[in-house]
Every structure is written in structure tokens, then in C-alpha cells.
Amino acid sequence: GESVGLHLPTLSVQEGDNSIINCAYSNSASDYFIWYKQESGKGPQFIIDIRSNMDKRQGQRVTVLLNKTVKHLSLQIAATQPGDSAVYFCAEIPTGGFKTIFGAGTRLFVKA
Amino acid sequence: DAGVTQSPTHLIKTRGQQVTLRCSPKSGHDTVSWYQQALGQGPQFIFQYYEEEERQRGNFPDRFSGHQFPNYSSELNVNALLLGDSALYLCASSFMRLLTTYEQYFGPGTRLTVT
């Protein structure tokens, strides 16, 4: 069935270092891939998205890379800050549909 | 500008009972999606409402139903509650008419506990 999974359940980084969160997806027919951040007690917050016809997209301190050949998505966070500590979800939207399929999440810990 | 709001914040119900959860979308948004998030898991899509119609549904039984009102607010109803329905229920709103982005704004969720 459709699934979006993550390689690592937890990631611990030092403040100021760069973070890389990886994600594997199984549905080849998807228009959109999205990264969400969820802090404790809050709903997911949109970070950045990328269309399936792109390989890379940059935002403020974040970069998303899409490798369709190996069905891999990654989120890079530059100069990680304590406020970046949260659970990060990758998600995809299959072509022609409207539902968002979320992965299980990676918890990012930022050490001061 | 208010974001997505949900009520109630927390709810405790007994098995077999029925529950109604409410969502008000972000101002200007016309589409509402509902998700169920079990502890330690990613959100699971329940269904999406647009123009007062259910546009797409995830793998949830008919016990889960919804409604969207003319003001775009929405309700999620769950009948015959099971212990496994205990979860955080998230509402997300978006503006679909432009279709330039699938960016969704999530509310804080309703924590449902079934005993």
C-alpha cells in the first residue's frame, strides 16, 4: 500500500550544526512532497514543499532535495537552533488526489 | 487573523458513545481536511471537504462522518466509539481554488480519549 517512511526515528545535533532528515516514499505517482514540523502540543506546521518535477528547493535555512530515482526525500536545516527541536514529518500528495500521506516522523533534538 | 481553531481541546468518552468535533478554518480558506494522529505516529487522512461535499476519503470506516457548513467550518462525527479511536484529531484548512500550493494550516487538535 501507500506509505511514506523515515530512516531514523530520532536525530540529535549540536546547536549551530546542519541537520539532515531523510525520508523514503513508496508511491511513484505523487505531485507534491511536503515537510512539516510538529512541536509538542501543536498541530503540524508547513515548512517547505517541492513539486515532483523539481530536484531541489530552498527556503529560509531549509533545503528540500528530491531524488525520484530512489524515491528519497531529504530536509536540510542549516545552523540548527534550539527552536528547531520538534518532530519532522515528510508527506506526499498522490497525483490526482487531495489526501496527504504522512510518514511516522523523526524527532530532532538540538543540544545547546 | 485567526488561524485554524478546534473545539473542544480535550474530550473523554466511553466506548459505544458518539462524539462531534468542530473546526473553523483559517480566514479565507475554503477546504477542510481531518486527520487522526495516534501517539507517536504521523497523521492519517480521514477525509476532505470542499464546497460542502466530501471530496476524498481515507481508509476509515463509515463510523467516521463529517460535514462542512456554508461558512466553511466543519464537523467530524464518530459513532460507536472504540478504544482504538483514542487519538489526536487534527483539522487542516487550505485554499484550493488557486491550486498553486497544497500548503495546509493545521489547528492544535482535539485530544480524544475513549475509556
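All figures in this text were calculated on a predicted structure; none of them were measured in a lab.

Asker: Got a minute to help me understand the state of the cysteines in this structure?
Answerer: A disulfide bridge is the covalent bond that connects two cysteines by way of their sulfur atoms. All told, the structure shown has 2 disulfides over all chains when counted by the stated rule. The disulfide that involves Cys23 of chain A links it to Cys90 of chain A, with 1.8 Å between the sulfurs. On the sign convention where negative means left-handed, the S-S torsion of about 55° between Cys23 of chain A and Cys90 of chain A marks this disulfide as right-handed. Of this pair, Cys23 of chain A sits in strand S3 (residues 19-25) while Cys90 of chain A sits in strand S9 (residues 86-94), and the two are 67 residues apart along the sequence. On the accessibility criterion, Cys23 of chain A (0% relative accessible area) is buried. Each sulfur of the disulfide joining Cys23 of chain B and Cys91 of chain B lies 1.8 Å from the other.

Asker: What am I meant to see in the pattern of salt bridges here?
Answerer: Proximity of charged atoms lets side chains of opposite charge pair with each other. Residue and element names in this part refer to chain A. Counted according to the given criterion, the structure contains 7 salt bridges over all chains. The salt bridge involving Arg61 is made with Asp84; its shortest N-O contact spans 2.9 Å. Linking Arg61 in the loop between strand S6 (56-58) and strand S7 (62-67) with Asp84 in the loop between strand S8 (72-77) and S9, this pair joins segments that are 23 residues apart in sequence. On the basis of relative accessibility, which here comes to 30%, the residue Arg61 falls in the partly exposed class.

Basis of the calculations
- Residues numbered from 1 in each chain as written.
- Chains lettered and ligands numbered in written order.
- Predicted model: local features only at pLDDT ≥ 70, side-chain atom pairs only at ≥ 80, totals over all residues.
- Heavy atoms only, no water.
- Disulfide = S-S within 2.5 Å.
- Helix = DSSP H or I, 4+ residues; strand = E, 2+ residues; numbered from the N terminus.
- Buried < 20%, exposed > 50% of the residue type's maximum accessible area, 1.4 Å probe, protein only.
- Salt bridge = Lys/Arg side-chain N within 4 Å of Asp/Glu carboxyl O.

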